[in-house]
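Breakdown of the fold
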Amino acid sequence: MDIKAIAVDTGGTVLDWHSGVRVAFRRTGGAHRLQRDWHSITNDYRRRAMKRIVGQVGPKFNIDDVHRSCLSQVVADHGLQAFSEQERGQLADSWHRLHAWPDFADALARMRTRFPVVSFSMLPVALLVAVSRRNDIAWDAVISCEMIGAYKPNPEAYLQAAEWMNLLPADILMVACHNFDLNAARACGFKTAFARRPDEWGPEGPPDPTAHPDCDIVVDEFTALAQALVPWRACLAPFRTVIATFTRVLMPISDPLRCGFRAASGAHNP
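Before going into details, it helps to say that this report is about the structure given with it. Fair warning: this is a prediction, and the values are worked out from it, not measured in the lab.

**Quick notes on the pairing of strand E4 (residues 172-176)**
With 5 of its 5 residues buried, E4 lies for the most part within the structure. Every second residue of E4 is oriented toward a common face, with Ile172, Met174 and Ala176 on one face and Leu173 and Val175 on the other, all of them buried. Judged from the 4 bridges that link them, strand E1 (residues 5-8) and E4 form a sheet pairing that is parallel. In the sheet register, Ala7 faces E4, and the bridge partner there is Met174.

Listed below in structure tokens is the structure:
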């Protein structure tokens, strides 16, 4: 595929938000001996937050703010008023402590041997930095819609990201597990890759599990995406360059040594 960079959605595509937030709810509820369908409550929380932030232009808030305000509604609607203010703050902060899906880190390292790979997300900068450090994820850059002031799927978000990368949209592969994101990116000229995340929403399953037919690549995991974009032959190219360099440096040294060894051998074997 003829691309020059990769942009990766992060919430859901890279981060297992459902497991992390559900565990935080369950732990807090357990402290109060509350029994609830924590899977359902976690998904309700996510839907409310997405509804508030998707498509926003010039908002005076970011997703951290949305998570805090939506949590108040979730607490009220699901009978969780026993949660203290401190516990609610810890729940809202659980988004900063999410784990990445296990297939991502190695695939990212492989893709970065050939392409710049950036996080392009609706998540705020502070959250992206926190989860990237927590999961040892090394991006070439982080582009948050918070920085742009326009949120996906607004075209301004995609076009500004491409401009900041100093590339045409057609030179960038947008990777996500959400069709709304990829459809908008494609409409702006990006190439697109759908990475399936069947467990993103827990047992309920994702709302759009089937890739749009116009996607350029469809994979079940990031390992397959990395293999498609960076075959092992390409991964080994830098090592071949290093070996060739060492060979050029060592050959002038090794030749006299070999000659000396032969001379010494000849002296003992007339």
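**Digging into the layout of surface pockets**
Estimated volume of the largest pocket: approximately 180 Å³. Taken together, Asp16, Ser19, Gly20, Val23, Ala24, Arg27, Ser94, Arg97, His99 and Arg134 make up the lining of the largest pocket. The element contributing the most residues to the lining of the largest pocket is helix H1 (residues 17-31), with 5 residues. Partitioned by chemical class, the residues of the lining of the largest pocket number 2 nonpolar, 4 polar and 4 charged.

**Points about the pairing of strand E3 (residues 141-144)**
Taken residue by residue, a regular strand's side chains alternate between the two faces of the sheet. Bridge count for strand E2 (residues 117-121) against E3 is 4 bridges, and the pairing is parallel. Bridge assignment links Ser121 to a residue of E3, and that residue is Ser144. Handedness of the crossover is the feature at issue here: the chain leaves E2, passes through helix H6 (residues 125-134), returns alongside E3, and the resulting connection is right-handed.

**Quick look at the sheet that holds E2**
Taken in spatial order, the 6 strands line up as E3-E2-E1-E4-E5-E6 in an open sheet, and their pairing is parallel. Each of the sheet's edge strands pairs with one partner strand only, and the pair in question is E3 and strand E6 (217-219). Between one strand axis and the next, the sheet turns through 20° on average, direction left out of account. Running over the sheet, helix H8 (residues 155-164) touches E2, E3 and E4 and is turned about 155° from E2.

**Comments concerning a positive patch on the surface**
Together, Arg26, Arg27, Arg97 and Arg134 make up a region of like positive charge exposed at the surface. Mapped onto the elements, Arg97 comes out in the loop between helix H4 (85-93) and helix H5 (104-111). Judged by its relative accessible area of 39%, Arg97 falls in the partly exposed class.

**Brief notes about the nonpolar core**
Ranked by size, the top nonpolar core spans 79 residues in total, and within it Phe25, Phe120, Leu225 and Leu229 carry the most contacts. Beyond its immediate sequence surroundings of up to four residues, Leu229 is in contact with Ile3, Ile6, Met111, Arg114, Phe115, Leu173 and Ile217.

Here is what the cut-offs are and how they apply
- Residues numbered from 1 in each chain as written.
- Predicted model: local features only at pLDDT ≥ 70, side-chain atom pairs only at ≥ 80, totals over all residues.
- Heavy atoms only, no water.
- Buried < 20%, exposed > 50% of the residue type's maximum accessible area, 1.4 Å probe, protein only.
- Helix = DSSP H or I, 4+ residues; strand = E, 2+ residues; numbered from the N terminus.
- Pairing = 2+ DSSP bridges.
- 1 Å grid on protein atoms, 1.4 Å probe; cavity = no way out; pocket = protein on both sides within 12 Å on 5 of 7 lines; lining within 4 Å.
- Points joined across faces, edges and corners; volume = space filled by probe spheres on them.
- Nonpolar A, V, L, I, M, F, W, Y, C, P; charged D, E, K, R; others polar.
- Right-handed = clockwise from strand over helix to strand, strands pointing away.
- Axes fitted to C-alpha atoms, helices over the stretch in contact; angles between N-to-C directions.
- Contact = heavy atoms within 4.5 Å.
- Patch = residues over 30% accessible without salt bridge, like charges linked within 9 Å, V, L, I, M, F, W, Y side chains within 5 Å.
- Areas by Shrake-Rupley, 256 points an atom, 1.4 Å probe, with all protein chains shown as cover.
- Salt bridge = Lys/Arg side-chain N within 4 Å of Asp/Glu carboxyl O.
- Lys, Arg positive; Asp, Glu negative; His and termini not counted.
- Charge placed at Lys NZ, Arg CZ, Asp CG, Glu CD.
- Core = buried A, V, L, I, M, F, W, Y, C linked by side-chain atoms within 4.5 Å.

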